[in-house]
Amino acid sequence: MRKDWLFSDENSICNYRTTGVLLRNGKILVQRDKDGTEYALPGGHVKIGETSEEALIREYKEETGADILCSRLIWVEETFWKWGNKNAHTIAFYYLISLKNEADIPDNYFESHKDNCAVLLKWVTIDEMKGLVIYPTFIKEKIDNISKTIEHFVSYE
C-alpha cells in the first residue's frame, strides 16, 4: 500500500490534498465531522506516486461510494495553519467534478463510507454555505464566479 503524501516532525506537518467541488441544483456537497461545526469540501490526501486526479477519484469512491469525473482543475492553494500544536503547510488541488450517476449521492445527510469514519456529508445551497465556517475560506467569494483559468491562492488560517 502506498503512503499518503504527509510528512511530519515534532514541530511541523506538510501534506498534499486533492478536493472536489461538486455542484448540483444550486447546491454544493460539503462534509464535517459528526461532532464538528467546521465544514470542508470532500477529498483527501494524495498518495506518493499518485496524481491529484487519481487520488480524488479514489477518495470520492472510498468516502461516498460514487464514481466521479474530474472536469478540470480550478484552484491551487497553499495553506499555512495550526494542526494541534504543529505548524502545518498544505498544498491542495481543487477540481470541478461531476457524478457518473447522479443517484450515487443522496439529497440528504449521509455518512462517509470509510470504515470507522465519523464524517457526515450533505448538500447545502450556495447561500447556506456562505454562512458556514468552511475551508477553504476563499470558496465563499469564488464559488459564484469560477474562473475559466486555474487560480492560485496562499492562505493563512
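In this text the structure is predicted, and so the values were computed from the model without any measurement.

A. Highlighting the packing of aromatic side chains. Counted by the stated rule, this structure contains 9 aromatic pairs. The interplanar angle of 65° and the centroid separation of 5.9 Å between the aromatic rings of Trp75 and Tyr94 together place this pair among those described as edge-to-face. Residue Trp75 is located in strand β6 (residues 68-83), and its partner Tyr94 is located in strand β7 (residues 86-99); the two are separated by 19 residues in the primary sequence. Here Trp75 falls in the buried class, since its relative accessible area comes to 0%. Take Tyr94: its relative accessible area is 5%, and that puts it in the buried class.

B. Focus on the pairing of strand β2 (residues 12-24). Examined bridge by bridge, strand β1 (residues 6-8) and β2 share 3 bridges and lie antiparallel to one another. Within the sheet, the bridge partner assigned to Leu6 lies in β2 and is Asn15. Linking two consecutive strands that pair antiparallel, namely β1 and β2, is a turn of 3 residues. Where β2 and β7 come together, 11 bridges link them in parallel fashion.

C. Structural context of helix α1 (residues 52-64). The terminal C-alpha atoms of α1 lie 18 Å apart, and with 13 residues this matches the ideal 18 Å at 1.5 Å per residue to within 8%. Taken as a whole, α1 has its buried residues at Ser52, Ala55, Leu56, Arg58, Glu59, Tyr60, Glu63 and Thr64. One or two steps after α1, the chain reaches Gly65, where phi turns positive at roughly 80°.

D. Broad picture of the side chain of Thr64. Within the secondary structure layout, Thr64 lies in helix α1. Taking the relative accessible area as the measure of exposure, Thr64 reaches 2% and is therefore buried. Among the polar contacts made by the side chain of Thr64, one reaches the main-chain carbonyl oxygen of Tyr60 at a distance of 2.6 Å. Here Ala66 takes part through its backbone nitrogen, which lies 3.0 Å from a polar atom of the side chain of Thr64.

Reading guide: rules and limits
- Residues numbered from 1 in each chain as written.
- Predicted model: local features only at pLDDT ≥ 70, side-chain atom pairs only at ≥ 80, totals over all residues.
- Heavy atoms only, no water.
- Phe/Tyr/Trp six-rings, centres within 6.5 Å; stacked < 30°, edge-to-face > 60°.
- Helix = DSSP H or I, 4+ residues; strand = E, 2+ residues; numbered from the N terminus.
- Buried < 20%, exposed > 50% of the residue type's maximum accessible area, 1.4 Å probe, protein only.
- Pairing = 2+ DSSP bridges.
- Expected span 1.5 Å × (residues − 1).
- Polar contact = N/O pair within 3.5 Å; in protein donor to acceptor, adjacent residues only side chain to side chain.

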